[in-house]
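Chains, contacts and geometry: an overview
Letter by letter, the chains look like this.
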Amino acid sequence: MTPSSNPFILADGRKPNCMEMLQLILDGEASAKQQDYFKSHMDTCMPCFKSFHLDMSIKELVKTRCCGDQAPQSLVDQIKMQISQNNPS
Amino acid sequence: MEETPKQHYSEKEKNEVFHGEFLPHISSMYNFGYRLTLDRDDAKDLVQDTYLKAYRFIASFQKGTNAKAWLFRILKNSFINDYRKKTKEPSKVDYQEVETYYNSEEFDRQITPDLRVESLKDMIGDEISNALNSLDVDFRTVIILCDLEGFKYEEMAKILDIPIGTVRSRLHRARNLLKEKLTHYAKSMGYKNV
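Counting starts from 1 at the beginning of each chain's written sequence and moves along it residue by residue. Chain letters and ligand numbers both follow the written order, the letters beginning at A and the numbers at 1. Confidence filtering applies because this is a predicted model: local features only for residues at pLDDT of at least 70, side-chain atom pairs given and counted only at 80 or more, and all residues used for totals across whole chains, interfaces and linings.

**Here we look at the overall build of chain B**
Note the following rule: The way it works is that DSSP assigns letters per residue, a run of H or I at least four long becomes a helix, a run of E at least two long becomes a strand, and they are numbered from the N terminus. Put plainly, a residue is buried at 20 or more neighbouring C-beta atoms within 10 Å of its own, exposed at 12 or fewer, and partly exposed in between, counting only other residues' C-beta atoms, which are placed from the backbone. A residue pair is marked as a contact if its C-beta atoms, positioned from the backbone, fall within 7 Å.
Counting its regular elements, chain B contains 11 helices and 0 strands. Going from N to C terminus, chain B has its helices and strands arranged as α-α-α-α-α-α-α-α-α-α-α. Classification of the 194 residues of chain B by burial places 36% in the buried group. Taking the intrachain contacts of chain B between residues at least 6 apart in sequence as the baseline, contacts between residues at least 24 apart amount to 73%.

Right, here's the structure in full:
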């Protein structure tokens, strides 16, 4: 693949490094072309292949383990009460 | 967001926006408040304060735009301007210094932990949550916004008042730090080759 066909190349002509490409893929910020490019890039880049799976696992774990609780009902009630007190209709 | 022209809502419309567009995000807001303050009572105060402000300044909110991002921005500002001052908790480190250090090539070379997916799967307790909580608040924040709440870089830039490039680099540094913490946990769990 020639450098000019790399869809990750920035407006200033700089080619992003592996980690920068990986981050865009991971965060769903990559275009369809960039995703295709990265898929074939991973076939030949072992560090990217390993990092992709690790980083994706961490991202998913953070989401499932840290999303936590529902807001307490007492908090919701308190806010509603304050709003209605300030704005009697 | 401030540039939005003032909206004119009737009392009925205000209540519709508040209940229909603001309140549905309260659990995400509460979780964000908790992850920032690391205290459930403080999180409640912060969320309550944010909702009252959101109602007071509802004319600055344009119906149909991203209410969640707007609310998160108010909460983040309340945390910085009110909470941090009130609790007299200074920023633990000089942020500029941190950013310079973390952006250095030396730092990138140091942080290349070869953590394995298998060792992550054994972290079934609070390791992930504790690792996240132990990061400096600015790094913690970008991970919360991106990975927990699914905000796009552009939305994060608006919430945090920083350029998109800074969002990306801060996220990159934050993830490296998180990996470093998780590697440490994995080692303490007995994985030799993490």
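**Observations regarding the interface of chain B and chain A**
Rules: Three classes are used: nonpolar for Ala, Val, Leu, Ile, Met, Phe, Trp, Tyr, Cys and Pro, charged for Asp, Glu, Lys and Arg, and polar for all others, with Gly counted as polar.
Tallying the contact residues gives 31 residues for chain B and 27 residues for chain A. Elements that contribute at least two residues to the side of chain B that touches chain A include exactly α1 (11-22), α2 (26-37), α3 (40-56), α7 (117-121), α8 (127-133), α9 (137-148) and α11 (164-188) of chain B. When grouped by side-chain class, the residues that make up the side of chain B that touches chain A number 19 nonpolar, 5 polar and 7 charged.

**Quick look at the domain arrangement of chain B**
Residues and elements named next belong to chain B. Going by this rule: For every domain, the bounds stem from an assignment made automatically or drawn from a database.
Domain boundaries in chain B define domain 1 (11-86) and domain 2 (95-188). With 10 residues of domain 1 in contact, the opposing surface of domain 2 contributes 11 residues. Counting only elements with at least two residues in the side of domain 1 that touches domain 2, the list comes to α2 and α4 (67-86). Of the residues that constitute the side of domain 1 that touches domain 2, the class distribution is 5 nonpolar, 2 polar and 3 charged.

**Considering the nonpolar core**
Test applied: Only buried Ala, Val, Leu, Ile, Met, Phe, Trp, Tyr and Cys residues enter a nonpolar core, and they are joined through C-beta atoms within 7 Å.
The biggest cluster of nonpolar side chains holds 56 residues, and the ones touching the most others in it are L71, V142, I143, M156 and L178 of chain B. Counting residues domain by domain, this core receives three or more from each of domain 1 (11-86) and domain 2 (95-188) of chain B. Within the second largest apolar cluster, 5 residues are counted, among which are M21, I25, F38 and M42 of chain A.

**Some thoughts on the confidence of the model for chain B**
Predicted coordinates in regions of low pLDDT should not be interpreted in detail. Residue and element names in this part refer to chain B. Applicable threshold: For every residue, the pLDDT score states the predictor's confidence, bounded by 0 at the bottom and 100 at the top.
Scored by pLDDT, chain B comes out at a mean of 84, with 81% of its residues at no less than 70. When mean pLDDT is taken per element in chain B, helix α10 (residues 153-160) scores highest with 97 and helix α6 (residues 105-110) scores lowest with 46. Across residues 106-112, confidence stays below pLDDT 50; counting only partners more than four residues off in sequence or on other chains, it has 4 contacts. Scored by ipTM, the complex comes to 0.87, with pTM at 0.85.

**Some remarks on unusual backbone geometry**
Where the residue is not glycine, phi is negative for most of them; where a peptide bond is considered, it is trans in most cases. Residue and element names in this part refer to chain B. A positive phi angle, close to 60°, is found at L38, a residue other than glycine. Topologically, L38 is positioned in the loop between α2 and α3. On the basis of neighbour counts, which here come to 13 C-beta atoms within 10 Å, the residue L38 falls in the partly exposed class. With a phi angle near 60°, D161 is a residue other than glycine that sits in the positive phi range. Positionally, D161 belongs in the loop between α10 and α11.

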